[in-house]
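What follows is the residue order along each chain.
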Amino acid sequence: MAPLLLLLPALVLVAVADALPSSCSNVTCGGQVVQYPFSLLNKSDCGYPGLGLVCEDNATLILPVQAHRYRVVSIDYQAHTVAVSDADVDEYAIGCPRLHMNLTIDTTSYWLQLTPSDSNVTFLYNCDKNVSLSTAVELSWCQGDGGKRWYVLPDGGTGAEAYEYECEEVVVAPVLTVHKEGIVGGPGAPASPNGSIGEVVRAGFQLMYNAHSRQCDGCERSGGWCGYRHNQTGAGGMKFSCFCDNGPKADHCVSGYGMFARRDT
């Protein structure tokens, strides 16, 4: 009897996967597989809120956060992490990353959080005064507006340095801590994550995503797939839906509800 009990969860997961609605099927973008609980916005109904991705030109996978674009480097569905980098970096010379947006993750957010592998660096753009901090690295090979200077603070700084040294803009960016030692040298440094500041930022950082919620867990325990659909009422917007083998339901799949607990996400 024991071997039969060990096989039962695997058989249940196969059965749930076979029941996956066509609107929830895995898709690819730029060679990367997008699967539940992520989804492609406007192309898939299934997926968790805050985990909708955009496929640009069928080649680049983008995670929108606070109306800003972050290029998806990889998704680890086992560890529940997604590696991303600021898409702004792709538009500038590799040694002169010109970022425009501070990433602020709400600590109360349920879906995305920074990981212990991340730490911050601070960029000071177009400074009138010479930044004399011992930790400051001048990006002397980058041309600021009107000959003004750019700096990076590998220790993260506080952001107040922009006022002290009359810098026009300050941007705090998360990076992988293991790559911080690469913030040295000029544009001729080796083209690797530890080679230049541009590569350090391009290497990105990690976000951890939460693969469960009370509402979605109830749907999944019934054998369904959590998602959202456009509300057809006058109120508009999106409404929660539980996608089942026999069509979307408002809360959970009727048959077999509560029989098995899905653990495939």
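Residues numbered from 1 in each chain as written. Predicted model: local features only at pLDDT ≥ 70, side-chain atom pairs only at ≥ 80, totals over all residues. Heavy atoms only, no water.

Under the annotation held in an unreviewed UniProt entry, the protein chain carries the name Wall-associated receptor kinase galacturonan-binding domain-containing protein and is attributed to Urochloa decumbens. Per UniProt, the protein chain carries the Subcellular location (unreviewed entry) text "Membrane". (UniProt positions renumbered as here; feature names shortened; annotations may be inferred.)

> Please clarify how the overall build of the protein chain should be interpreted in this entry.
What the protein chain contains, in helices and strands, is four helices and 16 strands. Across the 265 residues in the protein chain, those meeting the buried criterion constitute 44%. The contacts in the protein chain between residues at least 6 apart in sequence include a share of 58% that link residues at least 24 apart. Looking at the protein chain as shown, the accessible area adds up to about 13600 Å², and 54% of this sits on carbon and sulfur atoms. (Helix = DSSP H or I, 4+ residues; strand = E, 2+ residues; numbered from the N terminus. Buried < 20%, exposed > 50% of the residue type's maximum accessible area, 1.4 Å probe, protein only. Contact = heavy atoms within 4.5 Å. Areas by Shrake-Rupley, 256 points an atom, 1.4 Å probe, with all protein chains shown as cover.)

> Sorry if this is basic, but what is going on with the sheet that holds strand E9 (residues 118-127) here?
The strands that make up a sheet are held in pairs by hydrogen bonds between backbone atoms, and each pair lies either parallel or antiparallel. Strand order in the open sheet formed by four strands is E10-E11-E9-E12, and the pairing between neighbours is antiparallel. Whereas interior strands pair on both sides, the edge strands pair on one side only; in this sheet they are strand E10 (137-138) and strand E12 (167-176). Sheet topology note: the E10/strand E11 (residues 149-153) ladder contains two bridges and is antiparallel. By the bridge assignment, valine 137 is partnered in E11 with valine 152. (Pairing = 2+ DSSP bridges.)

> What am I meant to see in the confidence of the model for the protein chain here?
Detailed reading of the predicted coordinates is not advisable wherever pLDDT falls low. Model confidence for the protein chain is summarised by a mean pLDDT of 75, while 72% of its residues fall at 70 or above. Confidence drops under a pLDDT of 50 for residues 256-265, and excluding neighbours within four residues, the segment shows 27 contacts in the predicted structure. (pLDDT = per-residue confidence, 0-100.)

> Before we go on, may I ask you to explain the environment of cysteine 219 in this structure?
Position of cysteine 219 relative to the elements: it lies in helix H4 (residues 214-221). Each C-alpha atom of the pair cysteine 219 and valine 254 lies 9.8 Å from the other, and the pair is 35 residues apart in sequence. Leaving out residues up to four positions away in the same chain, cysteine 219 has contacts with Gly224, Trp225, Cys226, Phe240, Cys242, Phe243, Asp251 and His252.

> What should I look at first to understand the packing of aromatic side chains in this one?
Summed over the entire model, instances satisfying the criterion amount to six aromatic pairs. For the pair tyrosine 36 and tryptophan 225, a centre-to-centre distance of 4.8 Å together with 80° between the ring planes defines the contact as edge-to-face. Taken together, the positions of tyrosine 36 in the loop between strand E2 (32-34) and strand E3 (39-40) and tryptophan 225 in strand E14 (residues 225-230) put the pair 189 residues apart, joining distant regions of the chain. Considering the side-chain rings of phenylalanine 38 and tyrosine 77, the 6.2 Å spacing of their centres and the 85° angle between planes classify their relative orientation as edge-to-face. (Phe/Tyr/Trp six-rings, centres within 6.5 Å; stacked < 30°, edge-to-face > 60°.)

> Would you mind going over the sheet that holds strand E4 (residues 52-56) with me for this structure?
The strand order across the open sheet built from seven strands is E3-E4-E5-E6-E7-E13-E8, with neighbouring strands paired in mixed fashion. Each having just a single partner strand, E3 and strand E8 (112-114) make up the two edges of the open sheet. When strand E5 (residues 60-65) meets strand E6 (residues 68-76), the two strands line up antiparallel, connected through four bridges. Residue proline 64 lies in a different strand from E6, and its bridge partner there is arginine 69.

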